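Residues per chain, in single letters:
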Amino acid sequence: MKFDAVDRALLRALQEDARQTNRDLAAKTGVSPSTSLERVRLLRERGAITGYHAAVDLDAVGRPVQALISVRIRPPARPAIEGFRNWAARLPEVIGLFVTSGSHDFLLHVAVPDVNGVYAFVIDRLTERREVADVQTTLAYEHVRTARIDPVQGEGEPRGNK
């Protein structure tokens, strides 16, 4: 998928504030409102924009403690992997889930009220699953989120933020 300077500017501006009006978006990106509207529609159709959401402060909602939990599944078969993935993705403590390669099959990002919540999650939730062979937990002291994701630039395209 190729992105020109207008696409990049629209994506940057929307990631900074997805609630801004189309008129404000157009002004920030230097295009007409009709161009802005059409380009954003095309970005959605092409799958570059998948939705809009509210960012939630985990401390404010009572889940200040985060952990990354590596999980190894046995047997390493598709039904076991998919079953665990579907189960874990529905757990309220899980805020992110990665299916990984290497010594573990999953990396779960959890957010809970306190350290006892991490312990309870591992002992009461994960170890109840027969297919869980190994669990390694790492507490996160700080989580810094990337504010913006820029598209990869193609060969021959100018670098930099325009």
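Residues numbered from 1 in each chain as written. Predicted model: local features only at pLDDT ≥ 70, side-chain atom pairs only at ≥ 80, totals over all residues. Heavy atoms only, no water.

Draft legend 1. Here's a closer look at the packing of helix α2 (residues 22–29) against helix α3 (residues 33–45). As a packed pair, α2 and α3 sit with axes 8 Å apart at the nearest point and diverge in direction by 100°. As summarised for this structure, α2 and α3 are arranged roughly perpendicular, according to the angle between their axes. On α3, the residues that touch Asn-22, Leu-25 and Ala-26 of α2 are Pro-33, Ser-36, Leu-37 and Val-40. Looking at the contact of α2 with α3 residue by residue, the class counts come to 5 nonpolar, 2 polar and no charged. (Axes fitted to C-alpha atoms, helices over the stretch in contact; angles between N-to-C directions. Helix = DSSP H or I, 4+ residues; strand = E, 2+ residues; numbered from the N terminus. Parallel < 35°, antiparallel > 145°, perpendicular 65-115°, else oblique. Contact = heavy atoms within 4.5 Å. Nonpolar A, V, L, I, M, F, W, Y, C, P; charged D, E, K, R; others polar.)

Draft legend 2. Examining the pairing of strand β3 (residues 106–112) more closely. The element β3 is largely enclosed, with a buried count of 6 among its 7 residues. Bridge count for strand β1 (residues 65–73) against β3 is 7 bridges, and the pairing is antiparallel. Its bridge partner lying in β3, Val-71 is registered against Phe-106. Pairing of strand β2 (residues 94–99) with β3 involves 5 bridges; the strand directions are antiparallel. Counted as the bridge partner of Val-94 is Val-110 from β3. (Buried < 20%, exposed > 50% of the residue type's maximum accessible area, 1.4 Å probe, protein only. Pairing = 2+ DSSP bridges.)

Draft legend 3. Just the layout of surface pockets, in detail. Looking at the largest pocket, its volume works out to about 740 Å³. In this structure, the largest pocket is lined by 20 residues; those nearest its centre are Leu-14, Gln-15, His-53, Thr-146 and Ala-147. Class assignment for the residues of the lining of the largest pocket results in 11 nonpolar, 5 polar and 4 charged. (1 Å grid on protein atoms, 1.4 Å probe; cavity = no way out; pocket = protein on both sides within 12 Å on 5 of 7 lines; lining within 4 Å. Points joined across faces, edges and corners; volume = space filled by probe spheres on them.)

Draft legend 4. How the structure looks around the nonpolar core. In this structure, Ile-69, Val-71, Ile-73, Phe-84, Leu-108, Phe-121 and Leu-126 are the most contacted members of the largest nonpolar core, which totals 21 residues. Within the residue set of this core, elements represented by two or more residues are β1, α4 (78–89), β3 and α5 (115–126). Ignoring anything within four residues of it in the chain, the contact list for Ile-73 reads Ala-80, Ile-81, Phe-84, Asp-105, Phe-106, Glu-131 and Val-132. Grouped together as the second largest cluster of nonpolar side chains are 9 residues, Leu-10, Leu-11, Leu-14 and Leu-43 included. (Core = buried A, V, L, I, M, F, W, Y, C linked by side-chain atoms within 4.5 Å.)

Draft legend 5. Highlighting the environment of Gly-96. Examined against the element boundaries, Gly-96 turns out to sit in strand β2. Along the backbone, Gly-96 and His-143 are 47 residues apart, and their C-alpha atoms lie at a distance of 13 Å. Excluding its chain neighbours within four sequence positions, the residues that come into contact with Gly-96 are Leu-107, Leu-108 and His-109.

Draft legend 6. Representation of α5 within the structure. The end-to-end C-alpha distance of α5, which contains 12 residues, comes to 16 Å, matching closely the 16 Å that a straight helix rising 1.5 Å per residue would cover. All of the buried residues along α5 are Gly-117, Val-118, Phe-121, Val-122 and Leu-126. Here the buried residues of α5 occupy an arc of 135° about the axis, which is enough to place them on one side. Relative to its buried face, α5 has exposed residues pointing more than 90 degrees away, namely Asn-116 and Tyr-119. Lining the buried residues of α5 we find β1, α4, β2, β3 and β4 (132–140). (Expected span 1.5 Å × (residues − 1). Arc of directions from axis to C-beta.)

Draft legend 7. Geometry of the pattern of salt bridges. Summed over the entire model, instances satisfying the criterion amount to 10 salt bridges. Of the charged contacts in the structure, one is a salt bridge between Asp-4 and Arg-39, with a shortest N-O distance of 3.0 Å. Placement of Asp-4 in the segment before α1 (5–16) and of Arg-39 in helix α3 is noted, with a sequence separation of 35 residues between them. Between Asp-150 and Arg-148 there is a salt bridge, with the nearest N and O atoms lying 3.0 Å from each other. Looking at Asp-150, the relative accessible area reads 32%, which means it is partly exposed. One network of salt bridges, with partners in common, ties together Asp-4, Asp-7, Arg-39 and Arg-46. (Salt bridge = Lys/Arg side-chain N within 4 Å of Asp/Glu carboxyl O.)

Remember that the coordinates give geometry; whether it matters functionally is a separate question.
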